[in-house]
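Fold and geometry: a report
Each chain is listed here by its residues.
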Amino acid sequence: RILGNGCPPPLPPFEGRAAKYITGKVIPSVPDVEITVAAQNDELQLTVKTDSKGLYAVGPLHDDMEYAVTAKREGYHMVRT
């Protein structure tokens, strides 16, 4: 038995926002450096590795969060400049 007009209520609209991407480079070019991007609220953590040119890119990320970026590779001491 169907009550009313049988149609479900309308869905709320979606809001689209541009995403944040974090990109960078390890100097000198070091491949396979583990780059970790962590949200300050600990809800999200992503890890990628640098390519052969030391480049990395992480995203898409929420645009309304702050992120911390760390780098590590065995045998290296990584310092943010």
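Please refer to the structure higher up on the page.
First, a word on scope: everything that follows refers to the structure included in this document. (Residues numbered from 1 in each chain as written. Predicted model: local features only at pLDDT ≥ 70, side-chain atom pairs only at ≥ 80, totals over all residues. Heavy atoms only, no water.)

A word on the pattern of salt bridges. Per the counting criterion, the structure on display carries four salt bridges. Each of the salt bridges in this network shares a partner with another, and the network as a whole consists of E15, R17, D63 and D64. (Salt bridge = Lys/Arg side-chain N within 4 Å of Asp/Glu carboxyl O.)

Trans peptide bonds make up most of the peptide bonds, and negative phi angles are found at most residues other than glycine. Backbone torsion omega between I27 and P28 reads -5°, so that peptide bond is classified as cis. With respect to the element layout, P28 can be found in the loop between β1 (20-25) and β2 (34-39). Following G59, the chain continues to P60 via a peptide bond in cis, the omega torsion being 5°. Positionally, P60 belongs in strand β4 (residues 55-61). Located in the positive-phi region is D32, a residue other than glycine, with phi close to 60°. Its location among the elements puts D32 in the loop between β1 and β2. (Helix = DSSP H or I, 4+ residues; strand = E, 2+ residues; numbered from the N terminus.)

Our next topic: the sheet that holds β2. One open sheet accounts for three strands, arranged β3-β2-β5; its pairing is antiparallel. Either end of the sheet is taken by a strand with one partner, and the two such strands are β3 (45-49) and β5 (67-72). Here the strands of the sheet are splayed against their neighbours by 20° on average, with no regard to which way each runs. (Pairing = 2+ DSSP bridges. Axes fitted to C-alpha atoms, helices over the stretch in contact; angles between N-to-C directions.)

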